[in-house]
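So the chains spell out like this:
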Amino acid sequence: MNYLKRRGWLALVIAPLLFCAFAAHAQDTTLDRSSLKDLDGVRVVVEELPANVASKTFTAELLRKSIETKLRDAKIPVLNQGEFPVGDPFLRVRVTTTAAEKGLAAYRVEVDFAQIVFMRRNPMITFNRAQTWSATPVMGLSATVRLAENINKGMAQQVDQFIAAYLAANPK
């Protein structure tokens, strides 16, 4: 029985590491930031939240609106959900969590930027969407009663990183 308990805790601790073990994506480098230059605006997409964190007061829609407000406050043009300008640029938020065990759950928050891209050597080849910039993912272990709060903090931290990257690429 102790073996099974230890194994469960081990899975809970290792799960966040596995979330990023296979991730290959853009980062927040000068080159990646250049993909944010001269955009018509940014659409915000928050993927469906895991069931163990979603509630009436913590929804993908509320997170999206919160992010849009932060972007507008930073003078970044925000596109409506039905607008699809050249390149279809959007800021994407993805939240993953483990199942709660003994009042704890692991979580990972990812904020990245995707848009339609073309291959330079053959512009006829279009990738529907490619990730061209990403914030540093936030992972952690949280008491389930504070899971939404910790996820929100991680998301806000990454959105601030995006705002800094966008403003660096688009100085006034």
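Our structure is the block above this text.
Residues numbered from 1 in each chain as written. Predicted model: local features only at pLDDT ≥ 70, side-chain atom pairs only at ≥ 80, totals over all residues. Heavy atoms only, no water.

Draft legend 1. Focus on the overall build of the protein chain. Counting its secondary structure elements, the protein chain contains four helices and five strands. Its helices and strands taken in sequence order, the protein chain reads α-α-β-α-β-β-β-β-α from the N to the C terminus. Counting all 172 residues of the protein chain, 41% fall into the buried class. In the protein chain, the proportion of contacts linking residues at least 24 apart, taken out of those at least 6 apart, comes to 71%. Summing over all exposed atoms, the protein chain offers an accessible surface of approximately 9,900 Å²; the carbon and sulfur share of this is 58%. (Helix = DSSP H or I, 4+ residues; strand = E, 2+ residues; numbered from the N terminus. Buried < 20%, exposed > 50% of the residue type's maximum accessible area, 1.4 Å probe, protein only. Contact = heavy atoms within 4.5 Å. Areas by Shrake-Rupley, 256 points an atom, 1.4 Å probe, with all protein chains shown as cover.)

Draft legend 2. Broad picture of the pattern of salt bridges. Overall, the coordinates contain 12 salt bridges when judged by the stated rule. Linking D28 and R33 is a salt bridge whose minimum nitrogen-to-oxygen distance equals 2.6 Å. Residue D28 is classed as partly exposed on the basis of its relative accessible area of 23%. By relative accessible area, which is 23% here, R33 ends up partly exposed. In this structure, the salt-bridge partner of K70 is D160, at a minimum N-O distance of 2.7 Å. With K70 in helix 3 (residues 60-73) and D160 in helix 4 (residues 147-169), the pair connects residues that are 90 residues apart, well separated along the chain. Taken together, the salt bridges that share partners define one network made up of E47, R94, R108 and E110. (Salt bridge = Lys/Arg side-chain N within 4 Å of Asp/Glu carboxyl O.)

Draft legend 3. Looking closely at the nonpolar core. Core analysis: the largest hydrophobic core is formed by 34 residues, its most contacted members being L36, V42, I67, L71 and F162. Secondary structure elements with two or more residues in this core: strand 1 (43-46), helix 3, strand 2 (90-97), strand 3 (104-118) and helix 4. Counting residues per element, this core draws most heavily on helix 4, at nine residues. When sequence neighbours within four positions are dropped, the list of residues in contact with L71 reads V42, V44, I76, V78, L91, F162 and I163. (Core = buried A, V, L, I, M, F, W, Y, C linked by side-chain atoms within 4.5 Å.)

Draft legend 4. Focus on helix 3. Taking 1.5 Å of rise per residue, the 14 residues of helix 3 would be expected to cover 20 Å, and the 20 Å separating its terminal C-alpha atoms lies within 8% of that figure. The set of residues buried in helix 3 consists of L63, R64, I67, E68 and L71. In an axial view of helix 3, the angular spread of the buried residues amounts to 135 degrees, which keeps them on one side of the axis. Following helix 3 by one or two positions, K75 adopts a phi angle in the positive range, close to 65 degrees. (Expected span 1.5 Å × (residues − 1). Arc of directions from axis to C-beta.)

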